[in-house]
Amino acid sequence: MKINGVAYRSLWLDEDGWSIRIIDQTKLPWSLTILRLSQVAEVAEAIRTMQVRGAPLIGATAAYGLCLALRVDASTDAMERDAAMLAGTRPTAVNLQWAIDRMLTRLRNTRPQDRVAVAYEEAAAIADEDVAQNEAIGRHGLDLIRARQTPGKRVNVLTHCNAGWIATVDWGTALAPIYMAHDAGIDIHVWVDETRPRNQGAALTAWELGSHGVPHTVIADNAGGHLMQHGEVDMVIVGTDRVTRGGDVANKIGTYLKALAAHDNDIPFWVALPSTTIDWTITDGVREIPIEERSATEVTLMTGQMADGSLATIQVTPNGSGAANPAFDVTPARLVTGMITERGCCDASPEGLLSLFPERA
Ligand code: MRU
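S.K.: Before we go on, may I ask you to explain the domain arrangement of the protein in this structure?
M.R.: The domains assigned to the protein are domain 1 (2–129) and domain 2 (153–360). Taken together, the 30 residues of domain 1 in the interface contact 34 residues of domain 2. Roughly 2,700 Å² is buried in total at the junction of domain 1 and domain 2, and carbon and sulfur atoms are behind 61% of that figure. Summed over the three residues of domain 1 that lose the most area to domain 2, namely Trp30, Arg53 and Thr92, the buried surface amounts to 25% of that side. At the junction of domain 1 with domain 2, the criterion picks out one salt bridge.

S.K.: Explanation requested: the confidence of the model for the protein in the structure shown.
M.R.: The predicted coordinates ought not to be read in detail in places where the model reports low pLDDT. Taken residue by residue, the protein gives an average pLDDT of 97. The fraction at 70 or more is 100%. Per-element confidence in the protein ranges from a low mean pLDDT of 86 for strand β1 (residues 2–3) to a high of 99 for strand β12 (residues 269–272).

S.K.: Is there a simple way to think about the site of the ligand in this case?
M.R.: Lining the immediate surroundings of the ligand are 19 residues, of which Arg53, Arg90, Asp241, Asn251 and Lys252 lie closest. In this structure, Arg53 approaches the ligand through a side-chain N or O atom, which is 2.5 Å from an oxygen atom. In this structure, Gln200 approaches the ligand through a side-chain N or O atom, which is 2.9 Å from an oxygen atom. Its free accessible area being 420 Å², the ligand has 99% of it covered by the protein chains. With respect to the detected pockets, the ligand is housed in the largest cavity. Of all the elements in the fold, those that place two or more residues in the shell around the ligand are α2 (55–72) and β11 (249–252). Taken together, the residues of the shell around the ligand break down into seven nonpolar, eight polar and four charged. When residues of the shell around the ligand are sorted by domain, at least three fall in each of domain 1 (2–129) and domain 2 (153–360).

S.K.: Quick question: what am I supposed to make of unusual backbone geometry here?
M.R.: Look at the link from Leu28 to Pro29: it is a cis peptide, with omega at 5°. In this structure, Pro29 sits in the loop between β4 (20–23) and β5 (34–37). Residues Arg196 and Pro197 are joined by a peptide bond in cis, for which omega reads 5°. Along the chain, the position of Pro197 falls in the loop between β7 (188–193) and α7 (200–212).

S.K.: Is there a simple way to think about the environment of Ala206 in this case?
M.R.: Checked against the element boundaries, Ala206 lands in helix α7. According to the relative accessible area criterion, Ala206 is buried, its value standing at 11%. Sequence spacing of Ala206 and Ala46 is 160 residues, and the spatial spacing of their C-alpha atoms is 22 Å. Among all residues touching Ala206, those that are not within four sequence positions of it are Val192, Gly201, His216 and Val218.

S.K.: Sorry if this is basic, but what is going on with empty space enclosed by the protein here?
M.R.: Any space left empty among the atoms is revealed by the rolling of a water-sized probe across them. This structure, assessed with the given rule, holds three cavities of 30 Å³ or more. Within this model, the largest cavity holds a volume of roughly 210 Å³. Lining the largest cavity are 24 residues, and of these Arg53, Gly54, Ala55, Asn162 and Asp241 sit closest to its centre. Where the lining of the largest cavity is concerned, the elements lending two or more residues are α2 and β11. For the lining of the largest cavity, the element with the highest residue contribution is α2, accounting for three residues. A class-by-class count of the residues in the lining of the largest cavity yields nine nonpolar, 10 polar and five charged. Of the pockets and cavities examined, the second largest cavity occupies roughly 70 Å³. Taken together, Pro56, Gly59, Ala60, Asn95, Trp98, Ile126, Glu129, Asp130, Gln133 and Thr276 make up the full set of residues lining the second largest cavity. Mapped onto the lining of the second largest cavity, the elements with two or more residues apiece are α2, α4 (94–107) and α5 (115–147). Top contributing element to the lining of the second largest cavity by residue count: α5, with four residues. Its residues assigned to classes, the lining of the second largest cavity comprises four nonpolar, four polar and two charged.

Conventions used here
Numbering of residues starts from 1 in each chain and follows the order in which that chain's sequence is written. Selection of residues for local features in this predicted model requires a pLDDT of at least 70, selection of side-chain atom pairs for listing and counting requires 80 or more, and totals for whole chains, interfaces and linings are taken over all residues. Heavy atoms throughout the structure, all of them, feed into the side-chain values; hydrogens and water do not. Segmentation of the chain into domains, including their bounds, is taken from an automatic or database domain assignment. Whether two residues touch is decided by their heavy atoms; if any such pair falls within 4.5 Å, the residues are in contact. Joining two parts hides part of their accessible area as seen by a 1.4 Å probe, and the buried area is that hidden amount summed over both. Any Lys or Arg side-chain nitrogen found within 4 Å of a carboxyl oxygen on Asp or Glu counts as a salt bridge. pLDDT expresses how confident the predictor is about each individual residue, on a scale running from 0 to 100. Put simply, DSSP marks the helices as runs of H or I at least four residues long and the strands as runs of E at least two long, and each gets a number from the N terminus on. When we say a residue is near a molecule or strand, we mean one of its heavy atoms is within 4 Å of it. Polar contacts here mean pairs of N or O atoms no more than 3.5 Å apart (in protein, one a potential hydrogen donor and the other a potential acceptor; neighbouring residues in sequence count only if both atoms are side-chain atoms). Computed by Shrake-Rupley with a 1.4 Å probe, the accessible areas treat only the displayed protein chains as cover when residues are assessed. The way it works is a 1 Å grid over only the protein atoms, where trapped points that fit a 1.4 Å probe form a cavity and open points with protein on both sides within 12 Å along at least five of seven lines form a pocket, and then any residue with an atom within 4 Å of a point lines it. Here the criterion for a molecule occupying a pocket or cavity is that more than half of its atoms lie within 2 Å of the pocket grid points. For this classification, Asp, Glu, Lys and Arg are treated as charged, while Ala, Val, Leu, Ile, Met, Phe, Trp, Tyr, Cys and Pro are nonpolar and the rest, including Gly, are polar. The rule is simple: take the accessible area with a 1.4 Å probe, protein chains only, and divide by the maximum for that residue type; under 20% is buried, over 50% is exposed, in between is partly exposed. Grid points are joined across faces, edges and corners, and a volume is the space filled by probe spheres set on the points.

Now the structure itself:
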């Protein structure tokens, strides 16, 4: 996608041909800061601190992290150790483990002296496939948006967190259909949940949509139910960090409440995902998906821009009050209208997912 007319991916190889470049997402929307990462420890830190974030993107970034590690030591012991270290940086998004597993499957069958070249080839394939999958999700989701059009009325979509192009290598998942609808001339408007505590909606989704010229309005996380009751939301589209084989959906904390409100108001609730986000090994999302618990300071402190342009971090809770910060929740399949995948749309059910991915039966 483009920033000020210049095409970017959210992750790319530096011109030196081996180190990687990322957009520091902790600096958005205030500044476009590009970082160069040249060591596996820097990659792990970037994922942990959410300089890179979003399920597909952390998978692709970790794949390149393993490339950097192998440049230093391509022995089997070091490779297994560094892979485990990268996989442990964030627990909920299954794309991370998926990308590491895919790399290891190829590399374990490769001689140590050939591993660096093979690793870069595989990481590039992971990144390119992510772009192609998300573009396909966009095309399938566009049909759903078209189906919600009524003459003379704009289509209002509500989204949560950031499942846009900077959460993937390009295009995004939930936002890909929205970009395509806008580009196709459909009158579309997006309600952007601010997504406390880290404000991925207010900071990242709003920045992305604004950069692409898509009409949008940021709302407090608690406003969605009210807007749904008053006919202001035609459909909800969210991304996800892990889907069970039965269609339960882990996504950013607060997604479950939006699904409940959408269900109560008979509003379609769609989940957009590349198949790399499906964890075929589990069935019960609430019990089996590990939920990341992040620092309490993400709740007690907020960072924003002051009138003079400087950034400031302030405390929004009383001294001494504790805070809890579960970063994801699980929306049961029964609340999900359907899945938008690279192979098309399906029910959020074992049968639905297997109809698109029969090789997983
Ligand atoms: O904690 P984050 O910001 O990495 O969480 C991201 C989300 O929950 C996204 O909605 C999800 O990864 C889908 S990304 C295309």
